[in-house]
Amino acid sequence: MLKGASMIEILKTSKVPLTLSSKISKATLWSFNLLMLTLFQLSMSFAQASDGVAPLKNQPVVLPDKQWINSGVSIYMTPKGFGFFENNLQRLIENFGVSVTDAYFPMLSFDQSEALGIDQLGLDPEKKGKILNAYKELKTWFNSLPLLQFQPQIRIDEFIYSSILKRFALVTDESLLAFYGKTSGAIMVFEIEASDVNLSAQKIRVEDASQKDLGQIGFDNLKIGLGPLKMKIPLWLNVQKGKLIFEALDSKASFIDSKMELKYDQLLFPEVSIQIGSRHMELKKERVSQLIQDSVPVYKKQILEFFEKLAQSELPKFLNEQSKKLLTDSLEDLSVLLPPGAESALVTPFYWGLGLQKISQNKGVWITLGTFIEDPTLGKVTMPPTLKARSAPKAKDLKISEYDFLMSIDRGFINRILQLTYLRGFLKEVDDGSGKLLKFTEALTVDGLTVSPTKTGALMKVGIHAKVPEGTISGASELVVDDEFDFSVSVIAELLPMPNNQGVEIVLRRIDSDTVWVDPNDMTWLGKLFKDKIYSEVKKEIQKINQDWAAKKQVIPGTLPLPPELFGVKSKILGMNFEDTGQLVLYLAYE
């Protein structure tokens, strides 16, 4: 600590003043206490936002113009990381309560939008010729024959699906971008291979929407067994004006070598009869049923080719139609965040959100999101560009083969929270315990520092601007500086992962003595005359504080809720760096 007595001794010997009073150095420590409080409450607010406060949906929140932090959060999935999806996709989906091997649908329906002519049924020329010849012959003998077209309406009750999967994976294939003529976005391939697929329905009814008077055909308690089956569905993902663009491309399917079994309890078909005079002759249902069973092996290839064609052309169309219905708005998630330092959860919260900005592919997949934090009680508050990161993350600390994904956070995200907190009136001053308040003249700011690539933790510097309270200066020290004065300093802290991935703690490492600044306007003529000497002595005292911090670990209470959990799977931190770009980068691996 700096001692006022040393100042008296200096004056007695007619030497220039070299030190400030002990209370001045205590003021610096007050600022560290506030830093601890700020980061602790900030971490608690993050924890509340991530754990206890669900994203807001359908609530009328009026926000000012959003100050977007472009590339506020970036996620990079490495080729190694995508290997996890290749081998664990089924488990990941089932983490959300969705089974991929079993499904039950109380009712399914399919309506053909327009009637299909015989030329659109995909029949081979021989079969098509036989049907046309038969129809032409019958037309010469009978009136009101059904038209050679079909517009099916299908209703399925209690549909059950089950399968045994040999492969269920999502893989990346960067080469397909050029193959499909895509210049942006990313292409992933959904691969399915099943050894057995079993389909059953309590009831199936099919009718021609354009000729409903023909009646219905259908089955009761139908069971179909298929396998093995293989499918590959390329999916193109991109972002345009904040909207996720999804396109299922031409699929590949292989059903030809599958086995096929068909069973049912009852066959339903329209009444077919011939009447000669008063005699009415009906078609034998059991003979029609036997004909269908006997035809399964004969027409197996044609049936499987139909299913294969359906999977390759109709399935992508269906997926694309559904995506257009679902992906109509910009994907933006709105959540609440309590201001750090708020004494009650009843205060109006901050609102923060994420929005998709870009998806790209380069030896993996980059997902870039913008973010914003706004305070509806303040109106529009401009965010100075100096609070944001200076560039995109370098992300070069670990080899790409060593981690599954990385996540970078723009320092502007933290600084924006600190800015709004200060303007709201929280954490603008701190009591040293004796009733004197150190008043902050600006919001705290956070920035990054480059550290060794082998270091697990991430160093950051916290900028502090404050006014020393009245009564801090006493004795002979008043000869060099005013009773109240403005000063600034940077504190170096380290983010360190806690054991068992329970969060990230914040450890105070040192005061950056090179950043100490006292407002010259608050110095007396004597202080201005010997300013360099004063700073030299202050740095010596700071060195003593740094030695104390090095000897005893100074941990800020509370933890940041990192590493993140993605898709219901926990991750662990392999490396971390708060870059000089202003990006906090975490290198992560799935547990």
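Residues numbered from 1 in each chain as written. Predicted model: local features only at pLDDT ≥ 70, side-chain atom pairs only at ≥ 80, totals over all residues. Heavy atoms only, no water.

Next up on the list: the overall build of the protein chain. A tally of regular secondary structure across the protein chain gives ten helices and 27 strands. Expressed as a percentage of its 591 residues, the buried residues of the protein chain come to 45%. Within the protein chain, contacts between residues at least 6 apart in sequence are counted, and of these 72% link residues at least 24 apart. About 31700 Å² of surface is accessible on the protein chain, with carbon and sulfur atoms providing 55% of the total. (Helix = DSSP H or I, 4+ residues; strand = E, 2+ residues; numbered from the N terminus. Buried < 20%, exposed > 50% of the residue type's maximum accessible area, 1.4 Å probe, protein only. Contact = heavy atoms within 4.5 Å. Areas by Shrake-Rupley, 256 points an atom, 1.4 Å probe, with all protein chains shown as cover.)

Enumeration over the complete set of coordinates arrives at 21 salt bridges. Residue Arg-390 pairs with Asp-447 through a salt bridge whose shortest N-O separation is 2.8 Å. With Arg-390 in the loop between strand S17 (365-374) and strand S18 (405-410) and Asp-447 in strand S21 (residues 445-448), the pair connects residues that are 57 residues apart, well separated along the chain. Owing to a relative accessible area of 12%, Asp-447 belongs among the buried residues under this scheme. One salt bridge in this structure joins Lys-553 and Glu-505, with 2.9 Å as the shortest N-O distance. Taken together, the residues Lys-553 in the loop between helix H10 (531-551) and strand S25 (554-560) and Glu-505 in strand S24 (residues 504-518) connect sequence positions 48 residues apart. On the basis of relative accessibility, which here comes to 14%, the residue Glu-505 falls in the buried class. (Salt bridge = Lys/Arg side-chain N within 4 Å of Asp/Glu carboxyl O.)

We now examine helix H6 (residues 285-298). Here H6 is 14 residues long and its end C-alpha atoms lie 20 Å apart, about the 20 Å a rise of 1.5 Å per residue gives. Buried-residue contacts for H6 involve strand S11 (259-263), strand S12 (266-268) and helix H7 (300-326). (Expected span 1.5 Å × (residues − 1).)

Next up on the list: the sheet that holds S17. The strand order S15-S16-S17-S1-S18-S27-S26 describes an open sheet built from seven strands, whose pairing is antiparallel. At either margin of the open sheet sits one strand with a lone partner, and together these are strand S15 (332-337) and strand S26 (571-578). Averaged over all pairs of adjacent strands, the angle between their axes in this sheet comes to 25°, without regard to strand direction. Those strands touched by helix H3 (residues 79-94) are strand S1 (69-77), S17 and strand S27 (583-590), and its axis lies near 65° from that of S1. Strands S1, S15, strand S16 (350-361), S17, S18 and S26 of the sheet are contacted by helix H8 (residues 411-424), whose axis makes an angle of about 5° with S17. (Pairing = 2+ DSSP bridges. Axes fitted to C-alpha atoms, helices over the stretch in contact; angles between N-to-C directions.)

Next up on the list: the side chain of Glu-374. Its location among the elements puts Glu-374 in strand S17. Taking relative accessible area as the criterion, Glu-374 reaches 0% and is therefore assigned buried. Among the polar contacts made by the side chain of Glu-374, one reaches the side chain of Arg-416 at a distance of 3.0 Å. Once you skip the residues sitting within four places of it in the chain, Glu-374 turns out to touch Leu-63, Pro-64, Asp-65, Lys-66, Gln-67, Phe-350, Tyr-351, Arg-416 and Leu-420. (Polar contact = N/O pair within 3.5 Å; in protein donor to acceptor, adjacent residues only side chain to side chain.)

Across the junction of Gly-227 and Pro-228, the peptide omega takes the value -5°, indicating a cis bond. Along the chain, Pro-228 turns up in the loop between strand S7 (216-227) and strand S8 (229-240). Backbone geometry at Lys-241 places phi at a positive 55°, although glycine is not the residue there. Relative to the helices and strands, Lys-241 resides in the loop between S8 and strand S9 (243-248). Located in the positive-phi region is Lys-363, a residue other than glycine, with phi close to 55°.

Nonpolar side chains collect at one region of the surface, where Leu-121, Leu-123, Ile-131, Leu-132 and Leu-148 lie side by side and expose about 350 Å² of accessible area between them. In this fold, Leu-121 is placed in the loop between strand S3 (116-117) and helix H4 (125-139). Look at Leu-121 and you get partly exposed, because its relative accessible area is 41%. (Patch = residues over 30% accessible without salt bridge, like charges linked within 9 Å, V, L, I, M, F, W, Y side chains within 5 Å.)

Across the protein chain, the average pLDDT comes to 79, with 84% of residues at or above 70. In this model, residues 1-58 is a region of pLDDT below 50 whose contacts with residues beyond four sequence positions or in other chains number 136 contacts. (pLDDT = per-residue confidence, 0-100.)

Ile-373, Met-460, Phe-487, Leu-495, Met-576 and Leu-584 are the most contacted members of the largest nonpolar core, which has 109 residues in total. Within the second largest apolar cluster, eight residues are counted, among which are Ala-169, Val-171, Ile-187 and Leu-249. (Core = buried A, V, L, I, M, F, W, Y, C linked by side-chain atoms within 4.5 Å.)

So, on to the environment of Ala-248. If you trace the backbone, Ala-248 turns up in strand S9. Accessibility expressed as a relative area gives 6% for Ala-248, which makes it buried. For the pair Ala-248 and Phe-190, spaced 58 residues apart in sequence, the C-alpha separation works out to 9.9 Å. Apart from residues no more than four positions distant in its own chain, Ala-248 is found in contact with Ile-233, Pro-234, Leu-235, Pro-316, Leu-319 and Asn-320.

Right, let's get into the pairing of S1. The side chains of a regular strand alternate, first on one face of the sheet and then on the other. Most of S1 is tucked away: seven of the nine residues are buried. Pairing between S1 and S17: six bridges, direction antiparallel. Bridging from a neighbouring strand, Ile-75 pairs with Ile-367 of S17. With five bridges joining them, S1 and S18 adopt antiparallel strand pairing. When the sheet's bridge partners are listed, Tyr-76 is paired in S18 with Leu-406.

The first and last C-alpha atoms of H8 sit 20 Å apart over 14 residues, in line with the 20 Å expected at 1.5 Å per residue. For H8, the tally of buried residues reaches 13 of 14 residues, placing the bulk of the element in the interior. Where H8 begins, one side-chain oxygen reaches toward the backbone nitrogen of Gly-412, 2.7 Å away; that side chain belongs to Asp-410. At the C-terminal side of H8, Gly-425 shows a positive phi close to 105°.

A few words now on the pairing of strand S5 (residues 152-172). Where strand S2 (residues 102-111) and S5 come together, nine bridges link them in antiparallel fashion. The residue bridging Tyr-104 from the neighbouring strand is Ile-160, located in S5. Pairing of S5 with strand S6 (residues 186-208), which is carried by 19 bridges, proceeds in the antiparallel orientation. Residue pairing across strands places Ile-164 opposite Asp-196, the latter belonging to S6.

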